[in-house]
Amino acid sequence: MSEYRGLRRAHILANHILRSPSPSSNFSLTPEVCLQYSPPELNESYGFDIKEMRKLLDGHNLEDRDWLYGLMMQSNLFNRKEIGGKVFVSPDYNQTMEQQRQISMKRILYLLENGVFQGWLTETGPEAELKKFALYEVCGIYDYSLSAKLGVHFLLWGNAVKFFGTKRHHEKWLKDTEDYVVKGCFAMTELGHGTNVPGIETVTTYDPTTEEFVINTPCESAQKYWIGEAANHANHAIVISQLRINGTNQGVHVFIAQIRDQDGNICPNVRIADCGHKIGLNGVDNGRIWFDNLRIPRENLLNSFADVLSDGKYVSSIKDPDQRFGAFLAPLTSGRVTIASSAIYSSKLGLAVAIRYSLSRRAFSVAANGPEVLLLDYPSHQRRLLPLLAKTYAMSFAVHDLKMIYVKRTPETNKAIHVVSSGFKAVLTWHNMRTLQECREAVGGQGLKTENRVGHLKGEYDVQTTFEGDNNVLMQLVSKALFAEYVSCKKRNKPFKGLGLEHMNSPRPVLPTQLTSSTLRCSQFQKNVFCLRERDLLEQFTSEVAVLEGRGESREFSFLLNHQLSEDLSKAFTEKAILQTVLDAEAKLPPGSVKELLGLVRSMYALISLEEDPSLLRYGHLSRDNVGNVRREVSKLCGELRPHTLALVASFGIPDAFLSPIAFNWVKANAWSSL
């Protein structure tokens, strides 16, 4: 072997000195010299039924998902290309911003022609909504720009018409929206106000002489900002504005305004500018909008909660302005549901690529002259990826439960959905960003190539942490809701009911002083420690706020001073809610390999959540020794999950074509012959 290498080096050096042609093709490196790709399937086994596991993870509409995957793979609009002997479909991020926007719209029209959006607005009931969620999730796996454009059109514009409007609006707008005759956008956020919706500055007044509303942008900070679809494609906008009637501000209301004609020309009294190039989602045409005395018909007020009569009299079925604003927020929950869901599918994609790569890529030897070791056989690599894999599994169950609660919602459950969706949206999108970063690093330099997806997805999904509500603000909303529930129940001397606080009606659980391996993996222990953490943090939070209020501070200011405790509480609430969804799913399974494997995944989720939370040590829930025991158990679980990793990512059900070249034969994909 050393003689061969010497000969090869001498030949290359001679070619360089003499500038002679390259060696003939018959002088090739032998298999013994070069690394050879070995498919993970040759050495990894499936210890459980991956089809059954996929049913649990996706939860619903598997056939519809697979149909849409196939529809995309059939069309060259989705940038089909062969790399390393396999066909892949993924966006071409080498395109300019303008090209990405136009191809995104062409893809939408292709999906429209093939019936993908049929019933998205005109059909009702849980089955129709779940099908829409499933197809929307598949669109996001292909390209988040595609799903974001659909989200603006259907989930923001369309749902606003559907939920804020009444029969006259439904008949006029919903079918045309579903057929893309009307292209809608949702003009809520402004340059000066984003998450703080009550503070928006756009003003609408009423002119009884013409029976028209007049919309104005009174200052530069009131310009509508980051409005998806506004820069190029939308011809109508939902406008969120303050409504002033006879000098009285009635608060935030919802209007329909035409911003372009059918030929795409901007309407009079409307100005539109482009938000420009972004770190991701450049297939979405975000724009800025100014209104200069724009007149719209009185009927364009979406009037399910309030109306203005022809003579200018304001009427509302909800008298309290705060309750009116709460009713306004409720229909927007679907946005948080879909954001949480798409974040987890993004994590699945990143983990599928990184784990498949780590099952075929080798580096270094642990013994002299020994073979190089698979990346995933290194305990450190397992520690990087497998806890994130377990979290992604757990969060898949959480998202499924959230969707089921949402599609079966009632007025009585709206509050819980609002709180839970806020916590899930924040925790799951943060998890996705952390997961994508770790996956990018875990595949080394290959993660820098956009064709390998994991690196580029970070920029695409980063926006999720701030749109539809800044994550930190949403987590404060969760802790405030828990505070209000706690104070209300204590004041009325009533048992806790709702928001998952029923465990506080039972005696405080007592944790063992010594945590053995069997104890740490016990589902009852895991539930007890998660409940105890939430209970103690909620009691401490309410106590601290009460002390400050007793000194004369306002409640809002008291919340602000206890923001760290508030963050710990909202995290504890959300992680406990996620754990409960896994326990519920596990309890429904018959004995067998799927249930056993899910038990390992659940233990990994529970213990890595405990390990990563310093509040357990800070507030004395676990001793230093027991924190060390948790840490060691996580490492043991990594080793036990390692043989199942290929099966775990195969259970995601994402077709090979939607992954990336490094998930498969990365040697062939990068060979000279593949250029």
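Residues numbered from 1 in each chain as written. Predicted model: local features only at pLDDT ≥ 70, side-chain atom pairs only at ≥ 80, totals over all residues. Heavy atoms only, no water.

The protein chain carries the name Acyl-coenzyme A oxidase in an unreviewed UniProt entry, which gives Arabidopsis suecica as its organism. Check the Cofactor (unreviewed entry) section of the UniProt entry for the protein chain; it says "FAD". Heading Sequence similarities (unreviewed entry) of the UniProt record for the protein chain holds this comment: "Belongs to the acyl-CoA oxidase family." (UniProt positions renumbered as here; feature names shortened; annotations may be inferred.)

Draft legend 1. Summary view of the overall build of the protein chain. Scanning the protein chain from terminus to terminus reveals 22 helices and 15 strands. Relative to a compact globule of 675 residues, whose C-alpha radius of gyration would be 26 Å, the protein chain shows 28 Å and is just as compact. In terms of principal-axis extent, the alpha carbons of the protein chain reach across some 95 × 70 × 45 Å. For the protein chain, buried positions account for 54% of its 675 residues. For the protein chain, long-range pairs separated by at least 24 residues make up 74% of all intrachain contacts whose partners lie at least 6 apart in sequence. (Helix = DSSP H or I, 4+ residues; strand = E, 2+ residues; numbered from the N terminus. Rg over C-alpha atoms; globule rule 2.2 N^0.38 Å. Buried < 20%, exposed > 50% of the residue type's maximum accessible area, 1.4 Å probe, protein only. Contact = heavy atoms within 4.5 Å.)

Draft legend 2. Summary view of the UniProt feature "domain: Acyl-CoA oxidase/dehydrogenase middle" (unreviewed entry) in the protein chain. UniProt tags residues 185-293 as "domain: Acyl-CoA oxidase/dehydrogenase middle" (unreviewed entry). Secondary structure within residues 185-293 divides into 0% helix and 44% strand; the distance between the first and last C-alpha atoms comes to 20 Å.

Draft legend 3. Representation of the UniProt feature "domain: Acyl-CoA oxidase C-terminal" (unreviewed entry) in the protein chain. Taking the numbering used here, the UniProt-annotated feature "domain: Acyl-CoA oxidase C-terminal" (unreviewed entry) corresponds to residues 536-659. Annotated as residues 536-659, this span is 76% helix and 0% strand, and its ends, taken at the C-alpha atoms, are 43 Å apart.

Draft legend 4. Summary view of helix H17 (residues 563-587). Look at H17: 36 Å from first C-alpha to last across 25 residues, which is about the 36 Å you get at 1.5 Å a residue. Summarising burial for H17: 18 of the 25 residues are buried, a large majority. (Expected span 1.5 Å × (residues − 1).)

Draft legend 5. Seen up close, unusual backbone geometry. Phi angles above zero are rare outside glycine, and asparagine 369 is one such case at about 60°. For leucine 499, which is not glycine, the phi torsion reads 55° and is therefore positive. Of note, leucine 499 is situated in the loop between helix H13 (471-492) and helix H14 (517-520).

Draft legend 6. The arrangement of a nonpolar patch on the surface in detail. A contiguous nonpolar patch, built from Phe557, Leu560 and Leu561 and spanning about 280 Å² of accessible area, is present on the exposed surface. Note on placement: leucine 561 falls in helix H16 (residues 555-561). Residue classification places leucine 561 among the partly exposed residues on the basis of a relative accessible area of 46%. (Patch = residues over 30% accessible without salt bridge, like charges linked within 9 Å, V, L, I, M, F, W, Y side chains within 5 Å. Areas by Shrake-Rupley, 256 points an atom, 1.4 Å probe, with all protein chains shown as cover. Salt bridge = Lys/Arg side-chain N within 4 Å of Asp/Glu carboxyl O.)

Draft legend 7. How the structure looks around the pattern of salt bridges. All told, the structure shown has 40 salt bridges when counted by the stated rule. Residues lysine 149 and aspartate 285 are paired through a salt bridge, measuring 3.0 Å at the closest nitrogen-oxygen approach. Here the residue lysine 149 occupies a position in helix H6 (residues 144-164), and aspartate 285 occupies one in the loop between strand E9 (270-274) and strand E10 (287-291), the gap between them amounting to 136 residues. Judged by relative accessible area, lysine 149 falls into the buried class, the value being 0%. Aspartate 285 sits in the buried class, given a relative accessible area of 0%. Put simply, glutamate 640 and arginine 521 hold a salt bridge, and the shortest N to O gap is 2.7 Å. One end of the pair, glutamate 640, is in helix H20 (residues 624-641); the other, arginine 521, is in the loop between H14 and helix H15 (523-550), and 119 residues separate them in sequence.

Draft legend 8. View of the sheet that holds E9. Ordered by their spatial adjacency, three strands build an open sheet running E6-E10-E9, and the pairing between neighbours is antiparallel. The sheet is open, and its two borders are formed by strand E6 (224-227) and E9, each paired with just one other strand. Neighbour-to-neighbour, the strand axes of this sheet turn through a mean angle of 25°, independent of strand direction. (Pairing = 2+ DSSP bridges. Axes fitted to C-alpha atoms, helices over the stretch in contact; angles between N-to-C directions.)

Draft legend 9. Region of interest: helix H5 (residues 126-142). Taking 1.5 Å per residue as the helical rise, H5 with its 17 residues ought to reach 24 Å, and the 25 Å between its terminal C-alpha atoms agrees with that figure. The buried count for H5 comes to 14 of 17 residues, which makes it a mostly enclosed element.

Draft legend 10. Focus on the packing of aromatic side chains. A complete count under the given rule lists 23 aromatic pairs for this structure. Among the aromatic side chains, those forming a connected cluster through ring pairs are Tyr69, Phe78, Tyr110, Tyr142 and Phe658. Across from the ring centre of tryptophan 666, 5.7 Å away, lies the NZ or CZ of arginine 361, which sits over that ring. (Phe/Tyr/Trp six-rings, centres within 6.5 Å; stacked < 30°, edge-to-face > 60°. Lys NZ or Arg CZ within 6 Å of the ring centre and 35° of its normal.)

Draft legend 11. Representation of the environment of methionine 433. Relative to the assigned elements, methionine 433 resides in helix H11 (residues 414-442). Given a relative accessible area of 15%, methionine 433 falls into the buried group. Considering only alpha carbons, one finds methionine 433 and tyrosine 461, 28 residues apart in sequence, at a separation of 7.4 Å. With residues near it in sequence (within four places) discarded, methionine 433 still touches Lys458, Tyr461, Asp462 and Thr465.

Draft legend 12. View of the packing of H13 against H17. The contact between H13 and H17 brings their axes to 8 Å, and the two run at 85°. Of the possible angle classes, the one that applies to H13 and H17 is roughly perpendicular. Contact residues: H13 offers Met475, Gln476, Val478, Ser479 and Leu482, while H17 offers Ser566, Leu569, Ser570, Lys571, Phe573 and Thr574. (Parallel < 35°, antiparallel > 145°, perpendicular 65-115°, else oblique.)

Draft legend 13. Local environment of the pairing of strand E11 (residues 294-297). Alternating positions in E11 separate cleanly, Leu294 and Ile296 being buried on one face and Arg295 and Pro297 remaining unburied on the opposite face. In the sheet, strand E5 (residues 212-216) pairs with E11 via four bridges, with the strands oriented antiparallel. If you follow phenylalanine 213 over to E11, its bridge partner there is isoleucine 296.

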